[in-house]
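As a plain string of letters, each chain reads:
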Amino acid sequence: MIVSAVRPEDVETIWPKIEEYLKKALLTSSNKMSIGDVYAKTQDGTYGLWVILDEHTSDILACYTTRIIQYPNRRALAVDWLGGKRMKEWIGLMHETVSKFAKDHGCFYIEGYGRQAWGRVLEKYGWKPSYICYEVVV
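These figures come from a predicted structure and were not determined experimentally. Note on numbering: residues in each chain are counted from 1, in written sequence order. pLDDT decides what is reported in this predicted model: residues at 70 or higher carry local features, side-chain atom pairs at 80 or more are listed and counted, and totals for whole chains, interfaces and linings draw on all residues regardless. Think of the side-chain values as coming from all heavy atoms in the structure, minus any hydrogens and water.

**Some details on the sheet that holds strand β5 (residues 109-112)**
The test is simple: Pairing between two strands is assigned when DSSP locates at least 2 bridges connecting them. Under the DSSP-based scheme used, a helix requires at least four consecutive residues in state H or I and a strand at least two consecutive residues in state E, with every element numbered from the N terminus. Comment: axis = line fitted to C-alpha atoms, over the contacting stretch for helices; angle = value between 0 and 180 degrees taken between N-to-C directions.
One open sheet accounts for five strands, arranged β1-β2-β3-β4-β5; its pairing is mixed. In this open sheet, the two edge strands, each paired with only one partner strand, are β1 (2-6) and β5. Within the sheet, the average angular offset between the axes of one strand and its neighbour, ignoring direction, is 30 degrees. Judged from the six bridges that link them, strand β2 (residues 48-53) and strand β3 (residues 60-70) form a sheet pairing that is antiparallel. Within the sheet, the bridge partner assigned to L53 lies in β3 and is I60.

Structure (structure tokens):
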């Protein structure tokens, strides 16, 4: 497996191969963001876009977005949208890559958002719940 960052100027070329993965991730967004919003934010550099490739076939197995958040007292790397297939094959490498990127960019921690089931996947890499977000439609 290979994890690779996608340059903003290359997003348009790779987008057709990853759009469906991100659309599935956005199902949990309560329509706060659209796939068009994510596309625009990866092109303008607001989000970093990453792909995970099968090195033998060059198939894109997954993708995810990141962004750096500067809080008043600490810097964090957020993993906002992640989608793909064959996760057990790449989740460890993705964790290593995102951790190195965060450290290299002065981030104190990484935060991720998603369904509760992510806790079972990520706990073996040291992730733990920090808070729970509740919402209500008004």
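**A word on the pattern of salt bridges**
Note the following rule: The salt bridge definition used is simple: a Lys or Arg side-chain nitrogen within 4 Å of an Asp or Glu carboxyl oxygen. A 1.4 Å probe rolled over the protein chains alone gives each residue an accessible area, and that area as a share of the maximum for its type sets the label: buried under 20%, exposed over 50%, partly exposed in between.
All chains considered together, the criterion is met by eight salt bridges. As a salt-bridge pair, R7 and E9 come within 3.5 Å of each other at their nearest N and O atoms. The exposed category is assigned to E9, whose relative accessible area is 54%. The salt bridge involving D10 is made with R7; its shortest N-O contact spans 2.8 Å. D10 sits in the partly exposed class, given a relative accessible area of 28%. What makes R7 partly exposed here is its relative accessible area of 47%. Here the salt bridges share partners, and the residues they tie into one network are R7, E9 and D10.

**Some thoughts on the environment of R115**
Structurally, R115 can be placed in the loop between β5 and α4 (118-122). With 87 residues separating them along the chain, R115 and T28 place their C-alpha atoms 7.6 Å apart.

**Some words on unusual backbone geometry**
In this structure, S30 is a non-glycine residue whose phi angle is positive, near 55 degrees. Turning to its location among the elements, S30 is positioned in the loop between α1 (11-25) and α2 (35-43). Note on S30: relative accessible area 41%, which makes it partly exposed. The phi dihedral of S58 is positive, around 65 degrees, even though this residue is not glycine.

**Let's talk about the environment of H56**
Structurally, H56 can be placed in the loop between β2 and β3. Residues H56 and K23 lie 33 residues apart in sequence; the distance between their C-alpha atoms is 26 Å.

**Observations regarding the packing of α1 against α2**
Stated formally: By definition in this entry, angles of less than 35 degrees are roughly parallel, angles greater than 145 are roughly antiparallel, angles of 65 to 115 are roughly perpendicular, and the rest are oblique. Each helix crossing is assigned a hand: it is left-handed if the near helix lies turned anticlockwise from the far helix by less than a right angle, otherwise right-handed if that turn is clockwise. When checking whether two residues touch, look at their non-hydrogen atoms; a contact exists if any pair is within 4.5 Å. Three classes are used: nonpolar for Ala, Val, Leu, Ile, Met, Phe, Trp, Tyr, Cys and Pro, charged for Asp, Glu, Lys and Arg, and polar for all others, with Gly counted as polar.
Running from N to C, α1 and α2 cross one another at 140 degrees; their axes reach a closest spacing of 11 Å. Considered as vectors, α1 and α2 are oriented oblique to each other. Like other packed secondary-structure pairs, α1 and α2 cross with a definite hand, here right-handed. Contacts from V11, E12, W15, E19, L22 and K23 of α1 reach α2 at I35, V38, Y39, T42 and Q43. Looking at the contact of α1 with α2 residue by residue, the classes come out as six nonpolar, two polar and three charged.

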